[in-house]
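Structural overview
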Amino acid sequence: MRNAIFRKDKFWKRQDMDAPVTTIAELGKYEGQDVMIRGWLYNLRESGKLLFPIFRDGSGLVQGVLFQKNVAPEVFDAVKHLTQESSVKVTGKVRADKRAPGGYELDVAAVEIVQRVPDNDPYPITPKEHGVDFLMEHRHLWVRSQRQASILRVRSEIEKAMHDFFDERGFIRTDPPILTPAACEGTSTLFPVEYFEEQAYLTQSGQLYIEATAMALGKVYSFGPTFRAEKSKTRRHLTEFWMVEPEVAFAELDDIMKLAEDFITFIVMRVLARRRSDLETIGRDISKLEKIDTPFPRISYDEAVKMLQEGHAKGELENRFEWGGDLGSPDETYISSKFDRPVMIHRYPTEVKAFYMEPDPENPKVALCVDVLAPEGYGEVIGGSQRMGSYEKLLARIHEHDLPEEAFKWYLDLRKFGGVPHAGFGMGIERAVAWICGLEHVRETIAFPRTLNRMYP
RNA sequence: UCCUCAGUAGCUCAAUGGCAGAGCAUCCGGCUGUUAACCGGAGGGUUGUAGGUUCGAGUCCUACCUGAGGAGCCA
């Protein structure tokens, strides 16, 4: 009712005509001028004849000011009873004020309510604290909060940086299939899907396919969603996550280790350059990111085992680590805690790694592979390797791992028709975003996370 | 799959085995510079579900459900 009456008011229409539309982030360019911003009511404080509505528009926050005697009674009344997250078009004069967050205020002259949140069914996410379960249930609204919006901006910047990095180096993006006939690595649990009369699976990695496109185009990369049906319930796991995977013909292990450290450093520098204010909103300790630079320390698996055993002897690790196993989460945290930049651990035992990895010619018990561990306990963000080159050895591996030979016929062909040494790696975007933003949990790094117990919203 | 913890108002949480409460949110009133504003008032409950012990259960016991984060596995 209030809304309907107000929409017909001539006052705001007249103001509206000459006020340019802008965003909150750009308000500084319009100091002293009338502008219109379009957004949502973030919060409202009042003090008698004085109102302080805070608006957000996706680019930032601005505080509006209304003195009762200075504005039309309909405008004052409309703002006074405006509900949180109602959508609005606001017209007013931009004024610099030290008391305002962001440095600028808007002297509100007119407000058009686009859609009013009902009084009896208010916006559920208040400026007060909420629990994880409640926020996840309202993820479609939670993304409007400043912190979540900043995280999504950083994620976008990381993805953009990633594309720029590979493009500048002559990589071609090739998109692998998401529906696949069989396991890529034969280890992880896959999501089965009905494919007409056949069984198919959602991809757990595009790697095998981009090995093929690398033989066509030389340097390629892929970026897309991957799926793991593992029943993992930790802050580092999603069932659906996005992975970027470069693959390079004629590259060996050392080449992709260099590529990996350049890649990570490039991304961190880009985020620091372009999304610093978002990192500040998130509360990230930026000095930790500023230390990231090449070269990253390179530690062989053998050396890592030695570190872990010494750590156990000093009482810093609960369990004694024995040569031959894969590093557990506490082991990775321990090793990465000794450095202030990402650590590269290379040459793991062949037995704990995927079937397609090339054994080290100097010690066939270990594979030419590398894991990159992010600092501050964020764990593995990159896994890569040099791929097995020999047709015969690869075929033997496929048999050893009980994989269906028929399904890998095309993959074996790559070793038959002009096989070359080649290598690549995969980086989980969510873990990289979590580390760069300093988040507790990867579920905040993607707009709509898919976890073991959650498909909604 | 295993281990641990938690489910009470829309939200965040209290309540020794003895009357189910507070703050925030919502609505009403007050306040001309507020910063998660503040002050006063009102409405708001199948204490996750099903059993059991007890004169009496939000509280103790059993099972189940849901969620959380740790292991394993992985990026």
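Residues numbered from 1 in each chain as written. Chains lettered and ligands numbered in written order. Predicted model: local features only at pLDDT ≥ 70, side-chain atom pairs only at ≥ 80, totals over all residues. Heavy atoms only, no water.

Okay, the pattern of salt bridges next. When the charged atoms of two side chains lie near each other, side chains of opposite charge can form a pair. Summed over all chains, the structure comprises 38 salt bridges. With a closest N to O distance of 2.8 Å, Arg270 and Asp164 form a salt bridge. Of the two residues, Arg270 is situated in helix α8 (residues 253-274) and Asp164 in helix α6 (residues 146-168); the sequence distance between them amounts to 106 residues. The same class applies to Arg270 as to Asp164, namely buried. One salt bridge in this structure joins Lys353 and Asp371, with 3.2 Å as the shortest N-O distance. Separated by 18 residues along the polypeptide, Lys353 in the loop between β13 (343-346) and β14 (359-360) and Asp371 in strand β16 (residues 369-374) bring together distant segments of the chain. We classify Lys353 as buried; its relative accessible area is 14%. The network of salt bridges with common partners includes Arg153, Glu157, Lys160, Asp164, Arg270, Arg274, Arg275 and Asp278. (Salt bridge = Lys/Arg side-chain N within 4 Å of Asp/Glu carboxyl O. Helix = DSSP H or I, 4+ residues; strand = E, 2+ residues; numbered from the N terminus. Buried < 20%, exposed > 50% of the residue type's maximum accessible area, 1.4 Å probe, protein only.)

Moving on to the pairing of strand β17 (residues 379-386). With six of eight residues buried, β17 lies mostly within the body of the structure. As judged from the six bridges shared by β16 and β17, these two strands associate in the antiparallel manner. Across the sheet, Leu373 pairs through a bridge with Glu380, a residue of β17. In textbook terms, the turn of a hairpin is the stretch between consecutive antiparallel strands, and for β16 and β17 this stretch comprises four residues, one of which, Glu376, has a positive phi near 60°. In this sheet, strand β18 (residues 422-428) lies alongside β17 in antiparallel orientation, the contact comprising five bridges. Each residue of the ladder has a partner; that of Gly383, found in β18, is Gly426. (Pairing = 2+ DSSP bridges.)

What helix α13 (residues 391-400) keeps buried is the set Leu394, Leu395, Arg397 and Ile398. Looking down the long axis of α13, one finds its buried residues gathered within 160° of arc, a one-sided arrangement. Facing away from the buried surface of α13 by more than 90 degrees, the exposed residues are Glu392 and Glu400. Lining the buried residues of α13 we find β14 and α14 (409-416). At the N-terminal end of α13, a side-chain oxygen is found 3.3 Å from the backbone nitrogen of Glu392, two or three residues along, and the residue is Ser390. The positive-phi residue at the C-terminal boundary of α13 is Asp402, with phi of around 55°. (Arc of directions from axis to C-beta. Contact = heavy atoms within 4.5 Å. Polar contact = N/O pair within 3.5 Å; in protein donor to acceptor, adjacent residues only side chain to side chain.)

Moving on to unusual backbone geometry. Trans peptide bonds make up most of the peptide bonds, and negative phi angles are found at most residues other than glycine. A cis amide bond links Thr294 to the next residue, Pro295, at an omega of -5°. By secondary structure assignment, the location of Pro295 is in the loop between α10 (286-290) and β12 (298-300). A positive phi angle is found at Arg347, which is not glycine, with a value near 65°. Turning to its location among the elements, Arg347 is positioned in the loop between β13 and β14. We note that Asp402 has phi near 55°; this positive angle belongs to a residue other than glycine. For Asp402, the location among the structural elements is in the loop between α13 and α14. Taking relative accessible area as the criterion, Asp402 reaches 71% and is therefore assigned exposed.

Now for the packing of aromatic side chains. A full pass over the atoms with the stated rule returns 18 aromatic pairs. Ring geometry for Tyr195 against Phe196: centres 5.1 Å apart, planes inclined by 70°, an arrangement best described as edge-to-face. The class of Tyr195 is partly exposed, set by a relative accessible area of 38%. Phe196 gets classed as exposed once you look at its relative accessible area, which sits at 69%. Here Phe263 and Phe425 contribute two aromatic rings whose centre-to-centre distance is 5.9 Å and whose plane-to-plane angle is 50°, an arrangement assigned as tilted. In this pair, Phe263 is assigned in helix α8 and Phe425 in strand β18, connecting sequence segments 162 residues apart. By the burial criterion, Phe263 is buried, and Phe425 matches it. (Phe/Tyr/Trp six-rings, centres within 6.5 Å; stacked < 30°, edge-to-face > 60°.)

Within the secondary structure, Arg454 sits in the segment after α15 (429-437). Using a relative accessible area of 15% as the deciding quantity, one classes Arg454 as buried. Within polar-contact distance, the side chain of Arg454 engages the side chain of Asp133 at 2.7 Å. A distance of 2.8 Å separates a polar atom in the side chain of Arg454 from a polar atom in the side chain of Glu137.

Each domain of chain A was delimited in the assignment, giving domain 1 (2-115) and domain 2 (139-445). The centre of domain 1, based on its C-alpha atoms, is set 47 Å off from the matching centre of domain 2. (Domains from an automatic or database assignment.)

Remark: α6 packs on α8, axes separated minimally by 9 Å, with the N-to-C direction vectors making an angle of 135°. As judged from the angle between their axes, α6 and α8 are oblique. Read as a crossing pair, α6 and α8 show a hand that is right-handed. Within the contact between the two elements, α6 uses Val154, Glu157, Ile158, Lys160, Ala161, Met162, Asp164, Phe165, Phe166 and Glu168 and α8 uses Leu259, Asp262, Phe263, Phe266, Ile267, Arg270, Val271 and Arg274. Residue composition of the contact of α6 with α8, grouped by class: 11 nonpolar, no polar and seven charged. (Axes fitted to C-alpha atoms, helices over the stretch in contact; angles between N-to-C directions. Parallel < 35°, antiparallel > 145°, perpendicular 65-115°, else oblique. Left-handed = near helix turned anticlockwise from the far one by under 90°. Nonpolar A, V, L, I, M, F, W, Y, C, P; charged D, E, K, R; others polar.)

Turning our attention to the pairing of strand β2 (residues 50-56). β2 sits mainly inside the fold: six of its seven residues count as buried. Sheet topology note: the strand β1 (residues 34-47)/β2 ladder contains seven bridges and is antiparallel. Bridge assignment links Leu41 to a residue of β2, and that residue is Phe55. Two successive antiparallel strands, β1 and β2, enclose a turn made up of two residues, where Gly48 displays a positive phi of approximately 65°. Summarising the sheet, β2 and strand β3 (residues 61-67) pair through five bridges and their orientation is antiparallel. If you follow Ile54 over to β3, its bridge partner there is Gln63. Linkage of β2 to β3, two consecutive antiparallel strands, is achieved through a turn of four residues, within which Gly58 is found at a positive phi near 95°.

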